[in-house]
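# Breakdown of the fold
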Amino acid sequence: MAVNVSIPKGTRDFSPAEMIRRKYIFQTVEDVFRLYGYLPIETPAMENLSTLTGKYGEEGDRLIFKILNSGNYLEGISNEDIQNSSTTKLAARMCEKALRYDLTVPFARYVVQNRNEITFPFKRYQIQPVWRADRPQKGRYREFYQCDVDVIGSNSLLNEVELIQIIDAVFQQLGLNITIKLNNRKILSGIAEVIGESNKIVDIVTAIDKFEKIGKEGVIKELISKEISIDAINKLIGFFDNTFSSENKFDNFKSIVQFSSEVGILGWNEIATIFGYLTNCNIKAKVEFDPTLARGLNYYTGAILEVKANDVAMGSICGGGRYDDLTGIFGLPDVSGVGVSFGADRICDVMNELKLFPENAEISTQLLFTNHGEAEMIYALKALAEIRQAGISSELYPDNAKLKKQFSYADARKIPYVASGGSTEMQENCFTLKNMQTGAMEKKSLQEIIALLKK
RNA sequence: GAGGACGUAGCUCAGCUGGUUAGAGCAUCAGAUUGUGGUUCUGAGGGUCGUGGGUUCGAGCCCCAUUUUCCUCCCCA
């Protein structure tokens, strides 16, 4: 017996029952994407390491799974190199490939590489796994699927609106209550500008992003540790106190950025426009302005959005935003894109927790033929071909096992009907059909069975 | 990268202040029932108690190390 078999930390096997559930999510997501006119692409699991590094920040680079070069990966590396170089520098020399960390950067690479074949605006979706060398915990895996929808080559805010419609449609179909949180990078820039700490924007934003989690005191503490001036901190906290005590956060926030920051007001206007369009779209989900929302600062330039499930504690299940110059890094400047990514694994976790999956989703086979021996098997085989021709999913038990065993199999597989054809039935050219739910048995011709199951 | 908890049968777990042969439920297999599952009854198989060392007359239990999984921070889907 083989012992101690296992899979790498943070990865998972999926049983048939789990796969049915996952496919249900992927199918729902994909159907909505297609409905809105997006087309699929796929990119390789691995990219050149240089394509990925530097796109996700220092922290992100550390989380990229690198692939050791084939052959002698130590070629050209001396002992001095090993002693003197940083591990990241060494890794870059020994690994020229890496597993993709997300789908957005490979997409940007794809757009640049295929720019002459692409008609802009380009609306694409991509449903593939990504890998992160993160420490696994609740809702966090080292291999997980992202379902990305992006439109690239259009500045219109209509795209943002469309993505919100897509998010709403997907989660409505899945039966999940969600809140869409909306912010704009320009508003964050505006805030930093107004308090006179523009160059510390990243520190400021990552701190206020934790507002909900660590509270006001925690944020102040973190800002102090980042050497933000007390004066600026007081101003900043003042804004947020003011905002959150207000009935209408969004209107209130306007007064803050309005007078002293051009970028800020630009961001505010963008969100106002989006809210304006949305009133015509019959959106069911709650969409709210959240000035503390930060996310992926490394490339977002405009809208930032995030989706949280209302009824369960879980990190964000969908997120995205606008990036004005993502392809610029690959030599194609001034192409604006906006997109969101659905975290299929987390959505699956949330739906499991809320028991939102349809109960009978794993029923596939409608009818099982029992096996009674050679001649009877052939009798069933003929019927089987005919019944499959009629589009009814059915199977024949492969062994002439005890009937108890064959019926147990049907039961375990949740197969709703079992047909038995023994010598009696063969003489009468029929089958004994058993309804596994009621236990009722009745002799029926093949045509009658087909008619019954076709409904 | 920092911190915390856990690991006993295929699964979920019990196992007293350290004391004889480590238990239960579920699952599996067989029988009760030779053409009928799901309910019921009877029985069986299945364990180097995560791994390595130590303390002890004696360790599933105590100590040390190591590893796994889960959780928190960081960051994110």
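The following paragraphs examine the structure supplied in this document.

Cut-off values and rules
- As a convention, each chain's residues are numbered from 1 in the sequence order in which they are written.
- Each chain gets a letter, beginning with A, and each ligand a number, beginning with 1, in the order they are written.
- A pLDDT threshold of at least 70 governs which residues receive local features in this predicted model, and a stricter bar of 80 or more applies before side-chain atom pairs are shown or counted, although totals over entire chains, interfaces and linings include all residues.
- Side-chain numbers come from the whole structure's heavy atoms, not from hydrogens or water.
- Two aromatic rings, drawn from Phe, Tyr or Trp (for Trp, its six-membered ring), form a pair once their centres lie within 6.5 Å of each other, and the interplanar angle then sorts them: stacked below 30 degrees, edge-to-face above 60, tilted otherwise.
- In this description a helix means any DSSP run of H or I spanning at least four residues, a strand means any run of E spanning at least two, and both kinds are numbered starting from the N terminus.
- Lines fitted to C-alpha atoms define the axes, with helix axes restricted to the stretch in contact, and inter-axis angles between N-to-C directions lie between 0 and 180 degrees.
- Here a crossing is called left-handed whenever its near helix is offset anticlockwise from the far helix by less than a right angle, and right-handed whenever the offset is clockwise.
- Only heavy atoms matter for contacts: two residues are in contact if any of them lie within 4.5 Å across the pair.
- Following the grouping adopted for this structure description, the nonpolar residues are Ala, Val, Leu, Ile, Met, Phe, Trp, Tyr, Cys and Pro, the charged ones are Asp, Glu, Lys and Arg, and the polar ones are all others, Gly among them.
- In this description, the term disulfide denotes a pair of cysteine sulfurs within 2.5 Å.
- At least two DSSP bridges between two strands are required for those strands to pair.
- Whether a residue is near a molecule or strand is decided by its heavy atoms; if any one of them lies within 4 Å of it, the residue is near.
- Distance and chemistry together define a polar contact, namely a pair of N or O atoms within 3.5 Å, with one atom able to donate a hydrogen and the other to accept it when in protein, and with adjacent residues in sequence counting only for side-chain atoms on both sides.

## Concerning the packing of aromatic side chains
- Overall, the coordinates contain 11 aromatic pairs when judged by the stated rule.
- Arranged with centres 6.1 Å apart and planes meeting at 65°, the rings of Y24 and F357 form a pair that is edge-to-face. Note that Y24 is positioned in helix α1 (residues 16–35) and F357 in the loop between α14 (344–353) and β12 (367–369), a separation of 333 residues in sequence.
- The interplanar angle of 40° and the centroid separation of 5.6 Å between the aromatic rings of F171 and F342 together place this pair among those described as tilted. With F171 in helix α7 (residues 158–174) and F342 in strand β11 (residues 337–343), the pair connects residues that are 171 residues apart, well separated along the chain.

## Remarks on the packing of α1 against α14
- One can describe the packing of α1 onto α14 by two numbers: an axis separation of 10 Å at closest approach and a directional angle of 120°. Crossing hand, α1 versus α14: right-handed. Residues R21, R22, Y24, I25 and F26 of α1 pack against A344, D345, I347, C348, M351 and N352 of α14.
- When its residues are assigned to classes, the contact of α1 with α14 shows seven nonpolar, one polar and three charged.

## Examining the state of the cysteines
- Taken as a whole and judged by the stated rule, the model has zero disulfides.
- C318 supplies the cysteine sulfur nearest to C147, a cysteine that is in no disulfide, at a spacing of 9.0 Å.

## A word on the sheet that holds strand β9 (residues 303–309)
- An order of β1-β5-β6-β11-β10-β9-β7-β8 is seen for the eight strands of this open sheet, with the pairing classed as mixed. Of all strands in the sheet, those bounded by a partner on one side alone are β1 (39–40) and β8 (286–289).
- Two elements, β1 and strand β5 (residues 122–131), share two bridges in a ladder whose sense is parallel. The residue bridging L39 from the neighbouring strand is R124, located in β5.
- Docked against the sheet, helix α13 (residues 262–278) engages β7 (178–184), β8 and β9, running at close to 145° with respect to β7.
- Sitting on the sheet, α14 is in contact with β6 (143–152), β9 and β11, with an inclination near 45° to β11.

## Quick notes on the protein's contact with RNA strand B
- Close contacts around RNA strand B come from 39 residues, with R132, R140, R295, S316 and F407 the closest.
- The sugar-phosphate portion of RNA strand B accounts for 48% of its atoms within 4 Å of the protein, the bases making up the rest.
- Measuring from a phosphate oxygen of RNA strand B, one finds a backbone N or O atom of K138 at 2.6 Å.
- The separation between a base nitrogen of RNA strand B and a polar side-chain atom of R140 is 2.2 Å.

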